[in-house]
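# Summary of structural features
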Protein chains: 2
Amino acid sequence: MERHTRQRAAIRDALARAGRPLLPQEVLTAAQATAPGLGIATVYRALKAMVEEGEVRKISLPGENPRFERSDLPHHHHFQCLRCLRVFDVHNCPSDISRLVPSGFVVEDHELTLYGRCPECALSERLAVKRVQAERRQE
Amino acid sequence: MERHTRQRAAIRDALARAGRPLLPQEVLTAAQATAPGLGIATVYRALKAMVEEGEVRKISLPGENPRFERSDLPHHHHFQCLRCLRVFDVHNCPSDISRLVPSGFVVEDHELTLYGRCPECALSERLAVKRVQAERRQE
DNA sequence: TTGTATGCAAAGCGTTTGCAGTGAT
DNA sequence: ATCACTGCAAACGCTTTGCATACAA
């Protein structure tokens with residue numbers, strides 16, 4: 001049965017405060033503020049246990065090392081802005097997932113990552129285009 | 001400038017024949033049939049070069065080591081069997097991707113990974129269930 | 001002949017594990 | 001008093017790199 005320790009509390013706390021998925025190394029650094037002497041092995045063991053408990057979710061975006069976030073968030077996907085590289089949550093979900101696969105395959109779960117421009121970056125690019133057009137008119 | 005070698009030909013060939021994304025180790029095994037003595041370091045170096053050329057695509061699924069496939073394939077997604085862990089191509093695509101994000105976001109690309117049972121594993125599980133049921137009837 | 005490509009072995013790096021000691025129950 | 005948890009360091013698996021050699025060009 002699971003025990004309540006200083007270290008695990010610190011790790012939970014780090015994940016709760018972050019508000020974004022964290023790398024194991026980031027968890028270590030953040031949690032060491034509350035639990036000095038905390039080791040990386042403990043972080044890995046705690047994260048693994050929490051993932052198995054269903055308390056934490058392991059997330060990996062293509063080409064990135066796995067990150068961890070609390071799983072009490074509702075089902076969601078991620079949107080990465082290709083300009084500022086920030087990751088946003090997307091709370092909708094395609095409706096017709098299980099229709100995508102050939103017959104014989106059984107779909108049980110899915111992960112979706114969207115890429116594009118966040119509202120902020122899309123706006124600042126639109127303004128940049130207008131600026132260029134204005135310069136052209138002056139020539 | 002790039003040179004034409006037995007080893008790279010074998011690696012290209014392995015990727016072309018596979019019809020699914022391969023792990024570097026799988027590339028090695030497959031390519032050694034054509035290029036005996038081929039080493040894993042050469043596979044990694046060749047794959048890296050081909051990715052930079054744009055000839056090959058590196059795909060990484062959550063929790064999995066990166067796999068490689070030719071990038072001349074039409075747009076598609078991936079399905080991983082949770083039992084045998086093999087990865088398959090899925091040639092369909094959800095229709096309503098850009099409707100998922102709040103207004104202001106601009107979707108330019110997306111990656112989707114499905115999880116479940118491949119036909120083979122789904123079948124063998126169904127057979128296992130039948131076997132258990134038969135045993136129960138005998139008791 | 002030149003210099004990229006190769007094979008081997010060693011090094012890197014993130015992650016896991018063995019072990020003796022710690023501490024929650 | 002248990003026995004799960006911890007820290008450390010060694011081990012691990014995948015990937016990269018240093019180096020001397022092989023072989024396209």
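Only a predicted model underlies this, so the values are computations on that prediction, with no experimental measurement involved.

### Considerations on the sheet that holds strand β4 (residues 87-90) of chain B
Strands sit in the order β4(A)-β3(A)-β5(A)-β5(B)-β3(B)-β4(B) across an open sheet of six strands; the sheet is mixed. Strands at the two margins of the open sheet, each flanked by one partner only, are β4 (87-90) of chain A together with β4 of chain B. Taken pair by pair, the neighbouring strands of this sheet meet at an average axis angle of 25°, ignoring direction. In terms of strand pairing, strand β3 (residues 77-81) of chain B meets strand β5 (residues 106-117) of chain B through four bridges, oriented parallel. Each residue of the ladder has a partner; that of B:C81, found in β5(B), is B:G116.

### Digging into the interface of chain A and chain B
On the chain B side, the residues contacting the 34 residues of chain A number 34 residues. Together chain A and chain B conceal approximately 2900 Å² of surface at their shared face, both sides included; 63% is due to carbon and sulfur atoms. In this assembly, chain A and chain B are joined by two salt bridges. Among the salt bridges present, the one from A:E108 reaches B:R117, with a minimum N-O distance of 3.0 Å. Linking chain A with chain B are twelve residue pairs in polar contact (both at pLDDT 80 or more), by the criterion used here. Ranked by residue count, the leading element in the side of chain A that touches chain B is strand β5 (residues 106-117) of chain A, at twelve residues. As paired elements, β5(A) and β5(B) share eleven bridges and run antiparallel to each other. Of the residues in β5(B), the one forming a bridge with A:D109 is B:Y115.

### So, the relation of the copies chain A and chain B
Overlaying chain A on chain B yields an RMSD of 2.9 Å, the required transformation being a rotation through 178° with an accompanying axial translation of 0.7 Å. Here the symmetry operator amounts to a two-fold rotation axis. In terms of proximity to the rotation axis, the leading residue of chain A is A:L112, whose C-alpha is 2.7 Å off the axis. When you check the interface residues of chain A against chain B, 97% turn up at the interface there too, and the contact is symmetric in its surfaces.

### Some details on the nonpolar core
In globular proteins that are soluble, nonpolar side chains generally tend to be buried together. By size, the foremost hydrophobic cluster in this structure holds 23 residues, and its most contacted members are A:F79, A:L114, B:F79 and B:L114. Mapped by element, the contributors of at least two residues to this core are β3 (77-81) and β5 of chain A together with β3, β4 and β5 of chain B. With near-sequence residues (within four places) excluded, B:L114 lies in contact with A:I97, A:L100, A:V101, A:D109, A:H110, B:H78, B:F79, B:Q80 and B:V90.

### Here's the deal with the protein's contact with DNA strand C
The local shell around DNA strand C holds 20 residues, among which A:R3, A:Y44, B:R3, B:T5 and B:T42 are the closest. Sugar and phosphate atoms form 66% of the subset of DNA strand C atoms that lie within 4 Å of the protein. Put simply, the parts of the chain that give the surface near DNA strand C at least two residues each are α3 (40-53) of chain A together with α1 (6-18) and α3 (40-53) of chain B.

### A few points about the pattern of salt bridges
Oppositely charged side chains can pair when the atoms bearing their charge come close. All told, the structure shown has 20 salt bridges over all chains when counted by the stated rule. Here the salt bridges share partners, and the residues they tie into one network are A:E2, A:R8, A:R12 and A:E55.

### Notes on the side chain of A:H110
Within the secondary structure, A:H110 sits in strand β5. Residue A:H110 is classed as buried on the basis of its relative accessible area of 12%. Among the polar contacts made by the side chain of A:H110, one reaches the side chain of A:H77 at a distance of 3.2 Å. When neighbours within four sequence positions are excluded, A:H110 is seen to be in contact with A:H75, A:H77, A:C93, A:I97, B:L112, B:T113, B:L114 and B:Y115.

### Examining the packing of aromatic side chains
By the definition in use, this model includes three aromatic pairs over all chains. Ring geometry for A:F79 and B:F105: centres 4.8 Å apart, planes at 75°, overall edge-to-face. Here the residue A:F79 occupies a position in strand β3, and B:F105 occupies one in the loop between β4 and β5, the pair thus bridging two chains. As far as burial versus exposure is concerned, A:F79 and B:F105 are alike and both buried. Here A:F105 and B:F88 contribute two aromatic rings whose centre-to-centre distance is 5.4 Å and whose plane-to-plane angle is 75°, an arrangement assigned as edge-to-face. Remark: B:F88 occurs in strand β4 and A:F105 occurs in the loop between β4 and β5; the pair is interchain, linking two chains. One aromatic cluster is present, formed by A:F105, B:F79 and B:F88 through successive ring pairs.

### Examining the pairing of β3(B)
Residues and elements named next belong to chain B. Where burial is concerned, most of β3 is hidden: five out of the five residues are buried. Residues of β3 alternate between two faces, with H77, F79 and C81 on one and H78 and Q80 on the opposite face, all of them buried. In terms of strand pairing, β3 meets β4 through four bridges, oriented antiparallel. When the sheet's bridge partners are listed, H77 is paired in β4 with V90.

Here is what the cut-offs are and how they apply
- The residue count restarts for each chain, going from 1 along the sequence in the order it is written.
- Chain letters and ligand numbers both follow the written order, the letters beginning at A and the numbers at 1.
- Reporting of local features is limited, given that this is a predicted model, to residues whose pLDDT is at least 70; pairs of side-chain atoms are given and counted only at 80 or more, and all residues count toward the totals for whole chains, interfaces and linings.
- Derived side-chain values reflect all non-hydrogen atoms in the structure, with water molecules and hydrogen atoms excluded from consideration.
- Between any two strands, at least two bridges found by DSSP are needed for them to pair.
- Where helices and strands are cited, they refer to DSSP runs of H or I of at least four residues and of E of at least two residues respectively, numbered from the N terminus.
- Axis definition: a line fit to C-alpha positions, over the contact stretch in the case of helices; interaxial angles, taken between N-to-C directions, run 0 to 180 degrees.
- Contact between two residues is taken to exist if any of their heavy atoms lie within 4.5 Å; hydrogens are not considered.
- Note on definitions: buried area is the accessible-area loss of two parts on being combined, 1.4 Å probe, summed for both.
- Definition used for salt bridges: Asp or Glu carboxyl oxygen within 4 Å of a side-chain nitrogen of Lys or Arg.
- Residues adjacent in sequence count toward polar contacts only when both atoms are side-chain atoms; beyond that, a polar contact is any pair of N or O atoms within 3.5 Å, and within protein one must be able to donate a hydrogen and the other to accept it.
- Only residues with pLDDT of at least 70 in both copies contribute their C-alpha atoms to the least-squares superposition of the copies.
- To define a nonpolar core, start from buried Ala, Val, Leu, Ile, Met, Phe, Trp, Tyr and Cys residues and group those joined through side-chain atoms within 4.5 Å.
- Burial classes: relative accessible area under 20% of the type maximum marks a residue as buried, over 50% as exposed, and values in between as partly exposed (1.4 Å probe, protein chains only).
- Proximity criterion: a residue is near a molecule or strand once any of its heavy atoms comes within 4 Å of it.
- Whether two aromatic rings pair depends on their centres lying within 6.5 Å, for rings of Phe, Tyr and Trp, where Trp uses its six-membered ring; planes under 30 degrees apart make the pair stacked, over 60 edge-to-face, and the rest tilted.

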